[in-house]
Amino acid sequence: MAKTIDQYFDNLRGTRVWRSIFRSGTGSSTLKRALAIQQNVFLHLFSTKVRTRMLSFSATWYLGTLTLGTFLILVATGIPLMFYYHPSAPQAYADTKDLQFVVSSGLFLRNLHRWSAHAMVFLVFAHMFKVFYRGAYRAPREFNWVIGVVLLLVTLLLSYTGYLLPWDQLAYWAITVGSNIASAVPVIGEKIHFLLLGGNAVNANALLRFYVLHCMILPLAAMFFVAIHFWRIRKDGGLYSHGSEPATVRASAETAAAPAKEGQ
Amino acid sequence: MADSKDFIAGVDSNAKKSPRRIVFITRRTSAQVKAETEDQVQTFPEVLFRAAVAIMSLAVVLVWIALVFNAPLEGLADPSHTPNPAKAPWYFLGLQEMLHYFPPVVAGVLVPGLVVMALIVIPYFKVNIEAGGLFLKDRQRRLQIFYVVASALSLFLLLFKVYAALVPTLIMAGVMLVAAQSSPQSPSAFRRYLAGRPLSYWVMTWFLFELVVLTAIGTFFRGPGWEFVWPWQG
């Protein structure tokens, strides 16, 4: 009898090499499935089980997941873009032109990076409002909301620093308008403005600073806070954790859950 | 429990010396575990596969957009040639619209600073903790406070001629008045919904409304010299 693909995959997962890498072996028992989450350095941020209610589309609109999706696309497109880019004026503009007309698929890479960046800013805002209207910031999840606000700011800074990198008129004047706001801070405004740009106006120093922030510091900060953000979901009891529901919702959830339990 | 002389309550972990131990269970530390009665599913595969499908669908949409629409690229950066209008990225255009009405220290520092502070403190002020309708309790006093706050805010916006922010404020105030006249027994489902909305809902919805309106005006309705233009006037 011919083996199915599933059986080949099961055999693969049973091999010594596979098990040495992933630590959990073959099988689709509840235990094995729990271990698949728990024994993986990335997936163990999540809990092994979630409430069934959390799966419905209306619970989250998948906005957090989609935000992670845009971030992954941005990392995947951002790294090849870095290969073709020099953060120096006016070479940066020539590199962007090359991406547009010379590099194969360069135009597509840049388009995907730019539209994903806009999508990420939009999704982060949408995620925040959805969480607010759902009341999902209630205790014990207060601090995860605060981490979310930090991630909103990191996302805005990521998008803002990336805006300058093409070094065209649009980039130059958008950053000039934005960075002038920093000068309005009382007393230390001019110092902040100078620190941000490495000069009194947007110039080659500003481009280098924004490049380092955009490609190095802010992505690391985002990953750091995203890891805590995910881990805290598990630690705080997961979506629809009993304690975080308002009394009215708790009461209606109990009456709704009661008939389902009888049916089992 | 009359002959309770054969043991002494005390702290002692030496099993040879005192083989009998007592466990004190006080009322607050019951050993009973609260069991979850709710249905649960395994994260793998139920959640992970759904997440993968969601992310892949998003990737398909974004790839299509990237294939059809090109990212903008203008001429080389030229510090001596200022475009009119010079616009920030779209998510800052609400702020730039505010800069048109207020001094930079207010619109650029105070307002965004207060917004971030307000967002951070939301969960710590027990905002919306019981999610009760704003006007369902203590109706007369709350209506008075609402009238004072709404008229003060509207007058302030009127004095600074911030019509772009005034109109959403007036619309929200109107909807809140409808909510104040509604109750959970209202015949219309929409009015029952409005009656049940708590204060935090109204504040956040007003903020969202202003954010969307100001950003849209800054993006589509502002031309040279930050004058009002229609989107099709280029």
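Residues numbered from 1 in each chain as written. Chains lettered and ligands numbered in written order. Predicted model: local features only at pLDDT ≥ 70, side-chain atom pairs only at ≥ 80, totals over all residues.

### Details of the overall build of chain B
Worth spelling out the cut-off: Only DSSP runs of H or I with at least four residues qualify as helices, and only runs of E with at least two residues qualify as strands; both kinds are numbered from the N terminus onward. Once C-beta atoms are placed from the backbone, each residue is buried if 20 or more other C-beta atoms lie within 10 Å of its own, exposed if 12 or fewer, and partly exposed for counts between those two. Note that contacts rest on C-beta atoms placed from the backbone: two residues are in contact if these are within 7 Å.
Assigned secondary structure in chain B consists of seven helices and one strand. Starting at the N terminus and walking to the C terminus, you meet the elements of chain B as β-α-α-α-α-α-α-α. Taken over 234 residues, chain B has a buried fraction of 17%. The contacts in chain B between residues at least 6 apart in sequence include a share of 53% that link residues at least 24 apart.

### Observations regarding the interface of chain A and chain B
Where we set the bar: Only Asp, Glu, Lys and Arg are considered charged in this grouping, and only Ala, Val, Leu, Ile, Met, Phe, Trp, Tyr, Cys and Pro are considered nonpolar; every other residue, Gly among them, is considered polar.
Taken together, the contacts link 68 residues of chain A with 57 residues of chain B. Elements with a minimum of two residues in the side of chain A that touches chain B: α3 (30-38), β1 (49-51), α5 (63-83), α6 (91-101), α7 (106-134), α8 (142-164), α9 (169-182) and α12 (247-262) of chain A. Take the side of chain A that touches chain B: its biggest share by element is 12 residues, from α7 of chain A. By residue class, the composition of the side of chain A that touches chain B is 42 nonpolar, 17 polar and nine charged.

### Re the environment of N70 of chain B
Note on placement: N70 of chain B falls in the loop between α1 (43-68) and α2 (93-99). If near-sequence neighbours (up to four positions away) are discounted, N70 of chain B is found in contact with L107 and N111 of chain A.

### Focus on the confidence of the model for chain B
Residue and element names in this part refer to chain B. This is how it is decided: Summary of the metric used: pLDDT quantifies the predictor's per-residue confidence within the range 0 to 100.
With 82% of its residues at a pLDDT of 70 or more, chain B shows a mean pLDDT of 85. Per-element averaging of pLDDT across chain B places strand β1 (residues 40-42) at the bottom with 90 and α1 at the top with 95. Complex prediction metrics read pTM 0.87 and ipTM 0.89.

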